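As a plain string of letters, each chain reads:
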Amino acid sequence: MKRVFSGVQPSGNLTIGNYLGALRQFTELQQDHECFFCVVDLHALTLPQEPDTLRAKTLEVAGLILAAGLDPKRIVLFVQSHVPAHAELCWLLNGVTYTGELSRMTQYKDKAKGRKVITAGLLNYPILMAADILLYRSDLVPVGADQKQHLELARDIAIRFNNRFGNTFVVPEPFIPKVGAKIAALDDPSKKMSKSDVAESYIALLDPPDVVAAKLGRAVTDSGREVRYDAKEKPGVSNLLTIYALCRGMSVKKAEADFAGLGYAVFKKTVAEAVNETLRPIQTRYREFTSSGAVRQVLVEGAGRAAEASSLVLRQVKEKMGLLV
Ligand code: TYM
């Protein structure tokens, strides 16, 4: 069985972008893959976090990953900091990664922009991500388009290490959806929807139906009246059409046909209905998981299984690099 690994940062409210770009693929892959999913709290520390909020969000994100439709008996779900091997391998891979590679990353440049000081963690972020993936000899990494460059670096690090020290790591493949890999922000369709932006810009997985309808009602559309997919000329409308099509499980072409001759107001209202139908079962399962206290238990078991699964690779890396083991 092929191995799958992916991570989600507990750095804000999970959005419909996270769901359509990543979590939905997790639920499909769990059927016939060995899956490891991780709440990457150490990654969140690369930007300032309020400690109590980070703790609460870590549990919330774990609950939402499960509520997206994952079966805790089939998958391993854990918190990154509970498995020290991630931080250890990250340090070891520091020795085979070049600062030039890190400073070229577009996410680093975006996040560093306008900051007075830049932490070393923000620069080294992709090394920790490579460690996450390589530790489990992962074959496939389901992510949105924004993580593609980080994944390419993880592949480069794996290949370099294997060449220098002998075959150790599996070189992972990205698993990026054809539609929905970059859901745009509601208030600015030229940007990706992000959980760390203002609430108006995203639909959170835990937003109540009236909030979803209000946010979509205010979403930036484009001049003209036609509901038609045209990513260049009509990025706002095209983004909402994509969200609608994915929520209803249909092609964008079919979605377009549903709105032929209809105006933006009806369009937005219908998109809100489709989004709310998608979110309702997730929110119900989230409440069930959290009220039963099951999430904590899943994370404890997950950390044990992840530690076991990663120990051999970490030992091999240490030996190959010349540490006394
Ligand atoms: P994060 O926490 O920003 O996002 C979690 C997942 O959601 C995807 N995503 C989106 N997809 C479509 N449209 C959007 N607007 C959108 N926003 C986010 C992301 O691509 C991601 O798949 N660095 C990662 C976390 C990570 C990781 C890993 C991922 C750490 N280690 C190892 C894979 C493997 C991140 O910040 O994702």
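Draft legend 1. Layout of the overall build of the protein. Broken down by element type, the protein carries 13 helices and five strands. A compact globule built from 325 residues should have a C-alpha radius of gyration of about 20 Å, and the protein, at 20 Å, falls within 12% of that. In terms of principal-axis extent, the alpha carbons of the protein reach across some 70 × 45 × 40 Å. A burial count over the protein gives 51% of its 325 residues as buried. Intrachain contacts of the protein at a sequence separation of at least 6 include 76% that bridge at least 24 residues. As presented, the protein carries roughly 15,200 Å² of accessible surface, and 54% of it is formed by carbon and sulfur atoms. Positive and negative side-chain charges of the protein, numbering 42 and 35 respectively, have mean locations separated by a distance of 2 Å.

Draft legend 2. Molecular detail of the domain arrangement of the protein. As far as domains go, the protein holds domain 1 (3-175 + 293-320) and domain 2 (199-286). Taking the mean C-alpha position of each, domain 1 and domain 2 sit 30 Å from one another. Contacts between the two partners involve 14 residues from domain 1, matched on the other side by 14 residues from domain 2. The interface formed by domain 1 and domain 2 includes zero salt bridges. Our enumeration of links across domain 1 and domain 2 arrives at five residue pairs in polar contact (both at pLDDT 80 or more). Looking at the side of domain 1 that touches domain 2, the elements that each hand over two or more residues are α1 (16-29) and α3 (51-67). Per-element accounting of the side of domain 1 that touches domain 2 gives the leading share, five residues, to α1. Of the residues in the side of domain 1 that touches domain 2, the class split is eight nonpolar, four polar and two charged.

Draft legend 3. Region of the structure containing the site of the ligand. The environment of the ligand is formed by 26 residues, the closest being Tyr-125, Asp-132, Gly-144, Asp-146 and Lys-195. The backbone of Gly-17 places a nitrogen or oxygen atom 3.2 Å from a nitrogen atom of the ligand. The side chain of Asn-18 places a nitrogen or oxygen atom 3.1 Å from an oxygen atom of the ligand. When the ligand is considered free in solution it has 700 Å² of accessible area, and contact with the protein chains removes 98% of it. Within the residue set of the shell around the ligand, elements represented by two or more residues are β1 (3-8), α1 and α7 (120-134). Of the residues in the shell around the ligand, the class split is twelve nonpolar, ten polar and four charged.

Draft legend 4. A look at the side chain of Gln-25. Along the chain, Gln-25 falls in helix α1. Given a relative accessible area of 5%, Gln-25 falls into the buried group. In this structure the side chain of Gln-25 is engaged in a polar contact, spanning 3.0 Å, whose partner is the backbone oxygen of Gly-21. Residue contacts for Gln-25: discarding those within four places in its chain leaves Leu-20, Pro-142, Phe-175 and Pro-177.

Each value, and the rule that gives it
- Numbering of residues starts from 1 in every chain and runs along the sequence as written.
- Side-chain atom pairs in this predicted model are given and counted only at pLDDT of 80 or more, local residue features only at pLDDT of at least 70, and totals for whole chains, interfaces and linings cover all residues.
- Heavy atoms throughout the structure, all of them, feed into the side-chain values; hydrogens and water do not.
- Runs of H or I in DSSP of at least four residues are treated as helices and runs of E of at least two as strands, each being numbered from the N terminus.
- Put simply, the radius of gyration uses C-alpha atoms, and a globule should come to 2.2 Å times the residue count raised to 0.38.
- Exposure is judged per residue with a 1.4 Å probe applied to protein chains only, and the accessible area is read against the type maximum: over 50% gives exposed, under 20% gives buried, and values in between give partly exposed.
- Should any heavy atoms of two residues lie within 4.5 Å, those residues are considered in contact.
- Using a 1.4 Å probe, the Shrake-Rupley method yields the accessible areas, and only the shown protein chains count as cover for residues.
- For the charge count, each Lys or Arg is scored as positive and each Asp or Glu as negative, with His and the chain ends excluded.
- Note that the charge is assigned to NZ on lysines, CZ on arginines, CG on aspartates and CD on glutamates.
- The start and end points of each domain follow an automatic or database-based domain assignment.
- Just to be clear on terms, a salt bridge is a Lys or Arg side-chain nitrogen sitting within 4 Å of an Asp or Glu carboxyl oxygen.
- Identification of polar contacts relies on pairs of N or O atoms within 3.5 Å, with a donor-acceptor requirement for protein atoms, meaning one able to donate a hydrogen and the other able to accept it, and with residues adjacent in sequence counted only if both atoms are side-chain atoms.
- Note on residue categories: nonpolar means Ala, Val, Leu, Ile, Met, Phe, Trp, Tyr, Cys or Pro, charged means Asp, Glu, Lys or Arg, and polar means any other residue, Gly included.
- The rule for a residue being near a molecule or strand is that one of its heavy atoms must lie within 4 Å of it.

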